[in-house]
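Spelled out, the chains give:
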Amino acid sequence: VVNEGDWVAVTYYNEGLMVHPMHLHEFPQLVTAQDGFPLESPYWVDTLLVAPGQRYTVMFQATQKGTWVYHCHILNHAEKATGMFGMVTAVVVQ
């Protein structure tokens, strides 16, 4: 849960053996660091592919109130016939 207007930092760690394209609804992600090192030229993404062994830090600004889905874009990592599970959560902006 964050407040409208907040900047939020998230660090992805992929300790598994599969890639995970990470996507946040509504807000673009600013990639600011890779493997713990700040990037000289941060860049914006809609979906960030995080490969095994990689670590990325991203930031986003919560500019719109609501509940926004945050998930791996490989859908069988986040949903099945009975509903959502696994690599999915929500960002609540109040």
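Going by the structure above, here's the rest.
Described below are features of the structure shown in this document.

Rules and cut-offs
- Residues numbered from 1 in each chain as written.
- Predicted model: local features only at pLDDT ≥ 70, side-chain atom pairs only at ≥ 80, totals over all residues.
- Heavy atoms only, no water.
- Helix = DSSP H or I, 4+ residues; strand = E, 2+ residues; numbered from the N terminus.
- Buried < 20%, exposed > 50% of the residue type's maximum accessible area, 1.4 Å probe, protein only.
- Polar contact = N/O pair within 3.5 Å; in protein donor to acceptor, adjacent residues only side chain to side chain.
- Contact = heavy atoms within 4.5 Å.
- Pairing = 2+ DSSP bridges.
- Salt bridge = Lys/Arg side-chain N within 4 Å of Asp/Glu carboxyl O.
- Core = buried A, V, L, I, M, F, W, Y, C linked by side-chain atoms within 4.5 Å.
- Phe/Tyr/Trp six-rings, centres within 6.5 Å; stacked < 30°, edge-to-face > 60°.

Right, let's get into the side chain of Gln 54. Note that Gln 54 resides in the loop between strand E5 (47–50) and strand E6 (55–61). The exposure class of Gln 54 is buried, given its relative accessible area of 19%. At 2.8 Å, the side chain of Gln 54 and the backbone nitrogen of Ala 51 are in polar contact. If we skip the residues at most four places from it in the chain, Gln 54 touches Tyr 12, Tyr 13, Asn 14, Gln 34, Asp 35 and Leu 49.

So, on to the pairing of strand E2 (residues 20–24). With five of five residues buried, E2 is to be regarded as a mostly interior element. Here E2 shows a buried face lined by His 20, Met 22 and Leu 24 and a second buried face lined by Pro 21 and His 23. Pairing geometry for E2 and E5, over four bridges, is antiparallel. Bridging from a neighbouring strand, His 23 pairs with Thr 47 of E5. Sheet analysis places E2 next to strand E7 (residues 66–72), joined by three bridges and oriented antiparallel. Its bridge partner lying in E7, Met 22 is registered against Cys 72.

With that settled, the discussion passes to the pattern of salt bridges. Applying the stated criterion across every chain, the model contains one salt bridge. Taking the shortest distance from any N to any O, the salt bridge between Glu 4 and Lys 65 comes out at 4.0 Å. One end of the pair, Glu 4, is in the segment before strand E1 (7–13); the other, Lys 65, is in the loop between E6 and E7, and 61 residues separate them in sequence. Given the relative accessible area of 42%, Glu 4 is considered partly exposed.

Let's shift gears to the nonpolar core. The biggest cluster of nonpolar side chains holds 20 residues, and the ones touching the most others in it are Tyr 12, Leu 48 and Phe 60. Contact partners of Phe 60, with chain neighbours within four places excluded, come to Asp 6, Trp 7, Val 8, Val 10, Leu 24, Phe 27, Pro 28 and Val 91.

On to the packing of aromatic side chains. Geometrically, a pair of aromatic rings is defined through the distance of the ring centres and the angle of the planes. Evaluation of the coordinates by the stated rule reveals four aromatic pairs. The interplanar angle of 15° and the centroid separation of 5.7 Å between the aromatic rings of Phe 27 and Phe 60 together place this pair among those described as stacked. With Phe 27 in the loop between E2 and strand E3 (29–34) and Phe 60 in strand E6, this residue pair connects regions lying 33 residues apart in the sequence. Phe 60 sits in the buried class, given a relative accessible area of 1%. Here Phe 60 and Tyr 70 contribute two aromatic rings whose centre-to-centre distance is 6.4 Å and whose plane-to-plane angle is 85°, an arrangement assigned as edge-to-face. Highlighted residues: Phe 60 in strand E6 and Tyr 70 in strand E7, separated in sequence by 10 residues.

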